[in-house]
Amino acid sequence: MFSQTSYLYDNSNILDKVIKNVGGLGAEVLERKPDFTRVFVSRDKLVDVIKELMKLENVYLRTMTASDEREVNGFFKLYYVFGVDSLHHTIIVEIPLSENSPSAPTLIDIVKAVDWYEKEAHDLMGIDFEGRKLHKFVLPDDWPDKVYPLRKEYGIEDLKKLYKPVFEYAKKVEAEAAVIIPIGPYHPALHEPEYFELYVRGERVVDARYVGFMVHRGIEKLGENMKYDQVPFLAERICGICGFVHSTSYCQAIENALKIDVPERAHFIRSIILEIERIHSHLLWLGVALHLLGYDTGFMHAWRIREQVMVLAELLTGSRKTYGINIVGGVRRDIDENKIRKCLNVLDNVEKEFKTFIDVALSVPQVKSRLRDTGLLPKGEAQKLSLVGPTARGSGVPRDVRKDYPYAAYKHVSFDVIVYSEGDNMARTLVRVDEVFESIDIVRQLLDKIPKGPIAVENWDAEPYKIGIGSVEAPRGEVIHFLITGRYSPYRWRVRAPTYQNLPAVPIMLRDSELADAPITIASIDPCFSCTDRALVIEINRGSIKEVPLFVISNKFRFGV
Amino acid sequence: MVKFVKIIPIALKVGTVTRKYPFERPLITESFRGAIEVDPVKCTGCGACTRICPPKALSLIREGETLILRYFVGKCIFCGMCADICPEKAIAITKEFELASENLSELNVDVEHELKKCVKCGATFVSTKLLNKVRSQVEALPDDIAELCPNCRRLEILKRFTGGR
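Residues numbered from 1 in each chain as written. Chains lettered and ligands numbered in written order. Predicted model: local features only at pLDDT ≥ 70, side-chain atom pairs only at ≥ 80, totals over all residues. Heavy atoms only, no water.

1. Comments concerning the overall build of chain B
Next up, step 1: Helix and strand counts for chain B come out as 6 helices and 6 strands.
Next up, step 2: Walking chain B from its N terminus toward its C terminus, one meets helices and strands in the order α-β-α-β-β-α-β-β-β-α-α-α.
Next up, step 3: At 26 Å, chain B has a C-alpha radius of gyration far larger than the 15 Å of a compact globule built from 165 residues.
Next up, step 4: Taking the principal axes of the C-alpha coordinates as reference, chain B spans close to 105 × 35 × 25 Å.
Next up, step 5: For chain B, the residues scored as buried account for 32% of the 165 residues in total.
Next up, step 6: Counting every atom, chain B has about 10800 Å² of accessible surface; 57% of that belongs to carbon and sulfur.
Next up, step 7: Of the charged side chains in chain B, 26 are positive and 20 negative; the average position of the first set lies 8 Å away from that of the second. (Helix = DSSP H or I, 4+ residues; strand = E, 2+ residues; numbered from the N terminus. Rg over C-alpha atoms; globule rule 2.2 N^0.38 Å. Buried < 20%, exposed > 50% of the residue type's maximum accessible area, 1.4 Å probe, protein only. Areas by Shrake-Rupley, 256 points an atom, 1.4 Å probe, with all protein chains shown as cover. Lys, Arg positive; Asp, Glu negative; His and termini not counted. Charge placed at Lys NZ, Arg CZ, Asp CG, Glu CD.)

What follows is the structure, given as structure tokens:
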């Protein structure tokens, strides 16, 4: 069985040395636990400290948050959350920034993955990063200047009044013409608004660029105005396919911050539902992938098998998709003997049917040749970009939150982390296929070992300004919620979904590949935008860029890097 | 042997799985959560459900001398938190989910309560049912103070303690 502590102490010398070095650089260690360190650094020492931390093996950036704490202690703060997989250790680096002109040195040269986080902090919180010229990233073009929505001086109602779409501006950039653009010559991924510019020479993709954030819903700000027990239901609606991971992650963050002792049975129920969600999500992805490859028979059968899992989810929780059973301190619905028996029956059936189906589907010659050796992502790039989930595991990086930072009931079960080293679309597909079987096995073990007892903590008190992290291995990769508690609702809530981390890898996969492989390559990270998708092909040779007004709108992103 | 043709016997064995909804009943398991139903007899109009409701589908509206607990099903996310939190167990979760309508007002369900008037200043302050419930549970509550609004009550008690000075 997997043991966290023994593993940890073997390697802690390296970590101790690094922490000591960091201390020598002028950083103050605020909190030190076996699996968790908090370091406080002044802004001029930040670069040296991060350079020292990056010397650790397998270190990666899990998330970064800017927080407005002027009401509490008079400054803005940045929190960098690093993970060291092999040591099962989380390091939070905190730096204070002055109230009047918050600015920090950029880390883009040291940690490549920090790119989007810095852009977002600049856009939503007004933090400047020295040495980087940042433009609007998340907010729309006609958003008023110097209004940073996540700062505490703006309420939701103020923001609604402030933002009025400027039609004159839309005319100026010829955005009205953009409406009549036909949806690209081909249809890439999963029917959600994403926007990839593929620069094509002949049939080959020369370069690619991603533009996103068209459906930013301001969920973090909304959550800061809701009560603790209402937020899980909002969190569950962040993603249309894997919502439960978000509500679990949010609850874990609060439980972690306030040290709430969740009953063991609740942990087991959460893990069971999480694994059922992984099964149905992977089956959905397999169906969509086969559909993109033109093998619609496979799509139908994958979704037919998935349907049993959806009905099972409804039986266990009361709803097919947005399960709504998580509350802070436990779960709301119990699992009885009858349900356990039905669950085991369904799992047996799904395992049998899926095995025969996937053998057939992956032996179709067209499917095989479309998946093999396309969308290559080398291991080095995967490590540099701090990728997570099947995308990283398909490139030989054995990163899995269930194993690296165990949560819920995962320390009670044994399972393998599926790793393939080829880094092509086939590797990522096989990771998901094997994970379905692994998940079925995990659910069986959990159902077998589920302990008796209560399923939720009755009462708990909120203590303001405590920091908590909740992370869950979603079907797509690691979801991490960073949370600072307030009195009745979260003070700062930061959600990082796996696609946020994985999308920067897509241009690398697309570079120098066939145009026909682009749909499956984009889909291979299992992207999670939301709603209709748009694609645009610009042929440099023919100079047809001028005919595409959407390109004008995306200018800000082209020069923003 | 071409392995991929093996899908044909699988497909033949399974047959058609698509259900002809809405002509056939959809499959709903026994734990399905649908729209809620408020029992007007049990409900006291305390408003606990309106405070927990995440999408704010439940709201308390004051119209003259009636207090309305309005359930707008168009916003409801079927989470059932209101049923869990209701102190009177007046809210039941049904299995109904086909609730579309051409008329927006049909999506509202109202439960009306009579409001109690303050005997001193005449302002309405709480539903009669909730006041009666509190009086049945708190024995030491004097009748003359119970029917005062919070503001008048504060003044009255202050007057008693200071002896009317």
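2. Let's talk about the environment of Ala27(A)
Residue and element names in this part refer to chain A.
Next up, step 1: With respect to the element layout, Ala27 can be found in the loop between α1 (4–24) and β1 (28–33).
Next up, step 2: Along the primary structure Ala27 and Asp512 are separated by 485 residues, whereas in three dimensions their C-alpha atoms are 44 Å apart.
Next up, step 3: The contacts of Ala27, once residues within four sequence positions are left out, are Val22, Val39, Phe40, Val41 and Val49. (Contact = heavy atoms within 4.5 Å.)

3. Things to note about the sheet that holds strand β12 (residues 467–474) of chain A
Residues and elements named next belong to chain A.
Next up, step 1: Read across the sheet, 3 strands follow the order β12-β13-β14 without closing on themselves; strand pairing throughout is antiparallel. Since the sheet does not close on itself, it has two edges, and those belong to β12 and β14 (492–496), each with one partner. Across this sheet, the average inter-strand angle for adjacent strands is 10°, counted without regard to direction.
Next up, step 2: In this structure, β12 lies alongside strand β13 (residues 477–484), joined through 8 bridges in antiparallel fashion. Bridge assignment links Ile467 to a residue of β13, and that residue is Ile484.
Next up, step 3: Contacts from helix α9 (residues 244–258) reach β12, β13 and β14, with the element oriented near 150° to β12. (Pairing = 2+ DSSP bridges. Axes fitted to C-alpha atoms, helices over the stretch in contact; angles between N-to-C directions.)

4. Thoughts on a positive patch on the surface
Next up, step 1: Residues Lys227(A), Arg51(B), Lys56(B) and Lys75(B) make up a contiguous surface patch of positive charge.
Next up, step 2: On the secondary structure map, Lys75(B) appears in the loop between β3 (66–72) and α3 (81–85). (Patch = residues over 30% accessible without salt bridge, like charges linked within 9 Å, V, L, I, M, F, W, Y side chains within 5 Å. Salt bridge = Lys/Arg side-chain N within 4 Å of Asp/Glu carboxyl O.)

5. Remarks on the pairing of β13(A)
Next up, step 1: The buried fraction of β13(A) amounts to 8 of the 8 residues, a majority that puts the element mostly inside the structure.
Next up, step 2: What sits between the antiparallel neighbours β12(A) and β13(A) is a turn of 2 residues.

6. As for the interface of chain A and chain B
It is common to give the size of an interface as the accessible area that goes away when the parts come together.
Next up, step 1: With 33 residues of chain A at the contact, the number on the chain B side is 25 residues.
Next up, step 2: Across the pair Asp84(B) and Arg332(A) runs a salt bridge whose closest N-O atoms are separated by 3.0 Å.
Next up, step 3: Inspection of the chain A/chain B interface yields 13 residue pairs in polar contact (both at pLDDT 80 or more).
Next up, step 4: Only α11 (296–317) and α12 (337–361) of chain A provide two or more residues apiece to the side of chain A that touches chain B.
Next up, step 5: Sort the elements by how many residues they give to the side of chain A that touches chain B and α11(A) lands first, with 8 residues.
Next up, step 6: In the side of chain A that touches chain B, the residues fall into 13 nonpolar, 10 polar and 10 charged. (Polar contact = N/O pair within 3.5 Å; in protein donor to acceptor, adjacent residues only side chain to side chain. Nonpolar A, V, L, I, M, F, W, Y, C, P; charged D, E, K, R; others polar.)

7. Notes on the packing of helix α10 (residues 264–292) of chain A against helix α17 (residues 425–449) of chain A
All names here are of chain A.
Next up, step 1: For the pair α10 and α17, the least separation of the axes is 9 Å and the interaxial angle reads 155°. Looking at the two axes, α10 sits roughly antiparallel to α17. Crossing handedness for the pair α10 and α17: left-handed. In contact with Phe268, Ser271, Ile272, Glu275, Ile276, Arg278, Ile279, His282, Trp285 and Leu286 of α10, α17 contributes Thr429, Arg432, Val433, Glu435, Val436, Ser439, Ile440, Ile442, Val443, Leu446, Leu447 and Lys449.
Next up, step 2: Considered class by class, the residues forming the contact of α10 with α17 number 13 nonpolar, 4 polar and 5 charged. (Parallel < 35°, antiparallel > 145°, perpendicular 65-115°, else oblique. Left-handed = near helix turned anticlockwise from the far one by under 90°.)

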